[in-house]
Amino acid sequence: MRPSEIAAIVRLELALDLRQRAAWAGLLLYSVGACYIGFLALRTGTATPVWNALLWIILLFAAFNTLTRAFQREDAGRQLYLHTLADPRSVVIARTLYSMVLMLALALVTVAVYILLLGGHALREADVALFLLTVALGGTGFAAVLTLISAIAARAGNGVGLTAVLGLPLVLPLLLSALRASKLALDGIGLNITGTYLLWLLLIDVLTVALAYLLFPYLWRD
Amino acid sequence: MRHWWKALGIALLLAVVCFGLGVDLAPALVHVDRDRIAPGPVELRITTYRTTFSQAATPRVWISNDGQRVCADRVVVVDATHLTATVDVPAGLRADLTHLVVLPPDGDTLALLDAFWTEGRGAGITDRPCAPSTDHAQAPGFRFPNRSLLTESIRNLFFHVPMWFTMMLLMSISVVMSLRHLRSGSLDHDGAALAAVHVGLLFAVLGLITGSIWARVTWGGWWTSDTKLNGAAVTTLVYAAYLVLRGSVSDPHKAARLAAVYNIFAYVLMMVFLMVLPRLSDSLHPGNGGNPAFNQYDLDDRLRLVFYPAVLGWMLLGTWAWTLARRLDRLQRLHDHA
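If you're wondering where the values come from, they're calculated on a predicted model, not measured in any experiment.

On to the overall build of chain B. When helices and strands are counted, chain B shows 6 helices and 8 strands. The helix and strand sequence of chain B, counted from the amino end, reads α-β-β-β-β-β-β-β-β-α-α-α-α-α. Counting only residues that meet the buried cut, chain B has 34% of its 338 residues in that class. Long-range contacts, defined here as pairs at least 24 residues apart, represent 72% of the contacts in chain B between residues at least 6 apart.

What follows deals with the environment of Gly45(A). Residue and element names in this part refer to chain A. Structurally, the position occupied by Gly45 is in the loop between α2 (21–42) and α3 (48–67). For Gly45, a count of 10 C-beta atoms within 10 Å translates into the label exposed. In this structure, the C-alpha to C-alpha distance between Gly45 and Ala153, residues 108 residues apart in sequence, is 40 Å.

Residue and element names in this part refer to chain B. Put simply, helix α3 (residues 187–218) and helix α4 (residues 227–247) touch, their axes get as near as 10 Å, and they point 145 degrees apart. For α3 against α4, the interelement crossing comes out left-handed. Counting all contacts with α3, which are made through Leu194, Val197, Gly200, Leu201, Ala204, Gly207 and Leu208, the residues of α4 involved are Ala232, Thr235, Thr236, Tyr239, Tyr242 and Arg246. Partitioned by chemical class, the residues of the contact of α3 with α4 number 8 nonpolar, 4 polar and 1 charged.

With that settled, the discussion passes to the sheet that holds strand β4 (residues 60–65) of chain B. Backbone-to-backbone hydrogen bonds pair the strands of a sheet. The strands run either parallel or antiparallel. Residue and element names in this part refer to chain B. Across the sheet, which stays open at both edges, the 8 strands sit in the order β1-β3-β6-β5-β4-β7-β8-β2 with mixed pairing between neighbours. In this open sheet, the two edge strands, each paired with only one partner strand, are β1 (28–32) and β2 (36–37). Across 8 bridges, strand β3 (residues 40–49) lies against strand β6 (residues 82–89) in antiparallel orientation. When the bridges of β6 are listed, Leu44 appears paired with Ala85.

Turning next to the domain arrangement of chain B. Taken as a whole, chain B is organised into domain 1 (29–118) and domain 2 (151–337). Look at where the C-alpha atoms of domain 1 of chain B and domain 2 of chain B centre, and you get two points 46 Å apart.

Here we take up the nonpolar core. Membership of the largest hydrophobic core comes to 148 residues, with the highest contact counts inside it found for Ile152(A), Ala196(B) and Tyr262(B). Counting residues per element, this core draws most heavily on helix α6 (residues 128–156) of chain A, at 16 residues. The residues that make up this core include at least three from each of domain 1 (29–118) and domain 2 (151–337) of chain B. Aside from chain neighbours lying at most four places away, what touches Ala196(B) is Leu170(B), Ile173(B), Ser174(B), Met177(B) and Trp322(B).

Facing 22 residues of chain B, the contacting portion of chain A comprises 24 residues. Elements supplying a minimum of two residues to the side of chain B that touches chain A: α4 and α5 (252–280) of chain B. The class makeup of the residues in the side of chain B that touches chain A is 20 nonpolar, 1 polar and 1 charged.

Residues and elements named next belong to chain B. In this model, Arg50 sits at a positive phi of 60 degrees, which is unusual for a non-glycine residue. Relative to the helices and strands, Arg50 resides in the loop between β3 and β4. By C-beta crowding, Arg50 is classed as partly exposed, having 18 other C-beta atoms within 10 Å. For Asp114, which is not glycine, the phi torsion reads 50 degrees and is therefore positive. Tracing the backbone through its elements, the reader meets Asp114 in strand β8 (residues 110–118). Taking the number of C-beta atoms within 10 Å as the measure of exposure, Asp114 has 13 and is therefore partly exposed.

Attention now moves to the pairing of strand β5 (residues 68–79) of chain B. Residues and elements named next belong to chain B. When β4 meets β5, the two strands line up antiparallel, connected through 4 bridges. From the neighbouring strand, Ile63 faces β5, where its bridge partner is Val70. Between β4 and β5, which pair antiparallel and follow one another directly, the connecting turn spans 2 residues, one of which, Asp66, has a positive phi of 55 degrees. Looking at chain direction, β5 and β6 are connected through 6 bridges and run antiparallel.

Before going further, it helps to examine helix α1 (residues 4–22) of chain B. Residue and element names in this part refer to chain B. Taking 1.5 Å per residue as the helical rise, α1 with its 19 residues ought to reach 27 Å, and the 26 Å between its terminal C-alpha atoms agrees with that figure. Every buried residue of α1 is listed here: Leu12, Leu13, Val16 and Gly20. On an axial view of α1, the arc spanned by its buried residues comes to 95 degrees, and they lie on one face. Across from the buried face of α1, at angles greater than 90 degrees, the exposed residues are Trp4, Ala7, Leu14, Cys18 and Gly22. Of the surrounding secondary structure, the elements contacted by the buried residues of α1 are α2 (157–184) and α6 (301–337).

Below, the discussion takes up α3(B). Since one α-helical turn is 3.6 residues long, residues separated by three or four positions face the same way. Helix length check: α3(B), at 32 residues, gives a terminal C-alpha distance of 46 Å against a target of 46 Å (1.5 Å per residue), a fit within 8%. Phi turns positive one or two residues past the end of α3(B), at Gly220(B), with a value near 90 degrees.

Attention now moves to the confidence of the model for chain B. Overall, the prediction assigns chain B a mean pLDDT of 83, with 88% of residues at 70 or greater. With pTM at 0.81, the complex prediction returns an ipTM value of 0.86.

Scoring rules and cut-offs
Residues numbered from 1 in each chain as written. Chains lettered and ligands numbered in written order. Predicted model: local features only at pLDDT ≥ 70, side-chain atom pairs only at ≥ 80, totals over all residues. Helix = DSSP H or I, 4+ residues; strand = E, 2+ residues; numbered from the N terminus. Buried ≥ 20, exposed ≤ 12 C-beta atoms within 10 Å, placed from the backbone. Contact = placed C-beta atoms within 7 Å. Axes fitted to C-alpha atoms, helices over the stretch in contact; angles between N-to-C directions. Left-handed = near helix turned anticlockwise from the far one by under 90°. Nonpolar A, V, L, I, M, F, W, Y, C, P; charged D, E, K, R; others polar. Pairing = 2+ DSSP bridges. Domains from an automatic or database assignment. Core = buried A, V, L, I, M, F, W, Y, C linked by C-beta atoms within 7 Å. Expected span 1.5 Å × (residues − 1). Arc of directions from axis to C-beta. pLDDT = per-residue confidence, 0-100.

Next comes the structure, spelled out in structure tokens:
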């Protein structure tokens, strides 16, 4: 596992994604569409707990939507080619990092659209920096967990359906911690209390990346 | 005697069933017909459980407020478990809440703590104890404690709690076997992991059922939105997903490897989840959100005497079931090869 190798794979991913503009548009459209449905269903002026819960549900499904692709678009031949070129650990670290960055961007865009449509009244008393930090940690956490799950599902040859079945129970610890942390941040409660939940989020993020690093070589081998 | 531990498990469980269901609960004071007292004579109708009052054996009754006592002037035994007591409540009791105490002539002191809201409070009274008072008389004999709300359902402790302990043991066995499979690539290790998940899920379902019944009895609902319950539900979901994953891959070696990776990943995240969850919200469940677990004053020695053997017995039974499931898996594989 060399940094240059990881960087090369990240560049490869980026190049592939840039070539498929339609996929990007699809992700964005999903976020905007989901926020708009939320707006139609609730209108503006919803209570903070509902505002918070709906935001995280949209983010969760945006993550599933985005990350089931992480290992899906690869046919057997190209995978074998990559296998001969790179260390599996570099592959999984690169893809996890790439998914995290992608999910981070998507989460921030989603939050922006969500606030635009459903109103920012929930943010009036909020600790905005903490709120954004929670969104960032939660989004990257979803990305880390779902990248490994997506790798398992892709190897099982039954991508999208299996990712949801395998992934949903495993993102629950993240989702619950993130919901709680973001609710606290929206209520304007400071780092001394919210910090515990953020630490849990960080712990899950780090743990997941470590596990992906350790376990992925076994998935890769055929 | 290679199989001594199986015999031990069965013997322990038989003993647990006999003692756990056979031993009586201690008598208790269940109900009193009023929840506040004011100065002046007050008639209290008291209901008890598993007592043997009679005209010949009239218990003594007193109320106790901040260590000061007032005895009942007159106690009438209605039947073995019902009393009527008349207390002349003085003005000037100190504390907000007053306890009610019943002392049968032959047995345990029965108390209903914080039974009454006290009106007409003041700076205290002169103590009026009833004749010679033996404070903590304890009847001989082995009986389980009688807790309010739990009452007879306290016996479920020997069945519900060990189910989860056994499930955790089996899931841990399963993870160890998955790790060994990743090292060795042997299908036998994978079969062992699968067998452990099967048996573990059986115990999880039993734990959910016994827990649900207990919740209905004590909390009034079959399912409550409670952290422990959600944790249990998610654990069950994760392992159900494990089985789905196995089912969706036809090549046994590939299925084994993918399942092992998922098993390890899921196990670690589950552990984190079970640690995070109780900190996220309050819970009715013992051990969470300010509710004591069955700790030193809750799980007393009489319960422990049956509880620990119960845990050991169920774990031995679970392990035995696992070895059987594993053998079945081996035979199945031999059969498939032949």
